[in-house]
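As a plain string of letters, each chain reads:
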Amino acid sequence: MVQKQLDSSLRFERKYVIEKGYAYIFSDFLRKNFFKKAFESRYVNSIYFDNFMHDAFSENLSGISIRKKTRLRWYDGQKINLNLETKYKNNMMNKKKIVSQGTFNSFVQLKVFLKKNFLVLNNGASQPMEPILKIRYLRNYFLSKCENYRATVDTAITVSDIFGNFNLGKKIYLRQDVMEYKYPSEKDFIFRKENFQKKNPFRLQKNSKYVSGYLSLKEAGIK
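Here we summarise the structure given alongside this text. (Residues numbered from 1 in each chain as written. Predicted model: local features only at pLDDT ≥ 70, side-chain atom pairs only at ≥ 80, totals over all residues. Heavy atoms only, no water.)

Moving on, we get to the pairing of strand 6 (residues 80-90). In terms of residue burial, strand 6 counts as a mostly covered element, since eight of its eleven residues are buried. With eight bridges connecting them, strand 5 (residues 66-75) and strand 6 associate as antiparallel partners. By the bridge assignment, Arg 73 is partnered in strand 6 with Asn 83. Hairpin remark: strand 5 followed by strand 6, antiparallel, with four residues in the connecting loop. In this sheet, strand 7 (residues 93-104) lies alongside strand 6 in antiparallel orientation, the contact comprising eleven bridges. The residue bridging Asn 83 from the neighbouring strand is Ser 100, located in strand 7. Where strand 6 hands over to strand 7, the hairpin turn is made up of two residues, of which Asn 91 adopts a positive phi near 55 degrees. (Buried < 20%, exposed > 50% of the residue type's maximum accessible area, 1.4 Å probe, protein only. Helix = DSSP H or I, 4+ residues; strand = E, 2+ residues; numbered from the N terminus. Pairing = 2+ DSSP bridges.)

What follows is the structure in structure tokens.
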């Protein structure tokens, strides 16, 4: 495995949620405030892990500010580059550690690898973790005119239960789209004074796709 070292400094993440199907309001706001498209949209796939007591889910719901979550992530494409990500979070600030798990030619090949290596995961946790659910969404990427701030708009967010040998259940669409600003923590003071932020009509919200997906599965009687 090849470990990719990310910048160890904390970054801010500010999230805003809107009803599913209305993400164009986010995108229009960003364009009107001189955010440009950073690169092509792509589908993001994440498998979230939790221990047998589902502590990561419970800690998020309880509002515990310092926590971490573990996921496998890959993007749609001709080649599937799989990464194991550990995200350390402190309120709206976080940092990530990413460890490459290899490249695969198809989802079938990937699934064989997952069954062999990820039915149980430790990753430095006090208790073994298991795969809980899969989240998939279309991510749109934007960059501010000054290039200090990145923004993403996520649409078509779905959740699937994981059971047995990495079998996926029926997809359920979440009833939300999400916009997020991301920038280095040392830029926060300046960010708050930016004109586009002063004009921002959206309400800052706590949001976790893992928690939203888990609750949707519970509502459907699956979890």
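Take unusual backbone geometry next. Even without glycine at this site, Phe 34 takes up a positive phi of about 70 degrees. Overall, the relative accessible area of 56% leaves Phe 34 in the exposed class. One non-glycine residue, Ala 156, lies in the positive phi region at around 50 degrees. Its location among the elements puts Ala 156 in strand 9 (residues 150-163).

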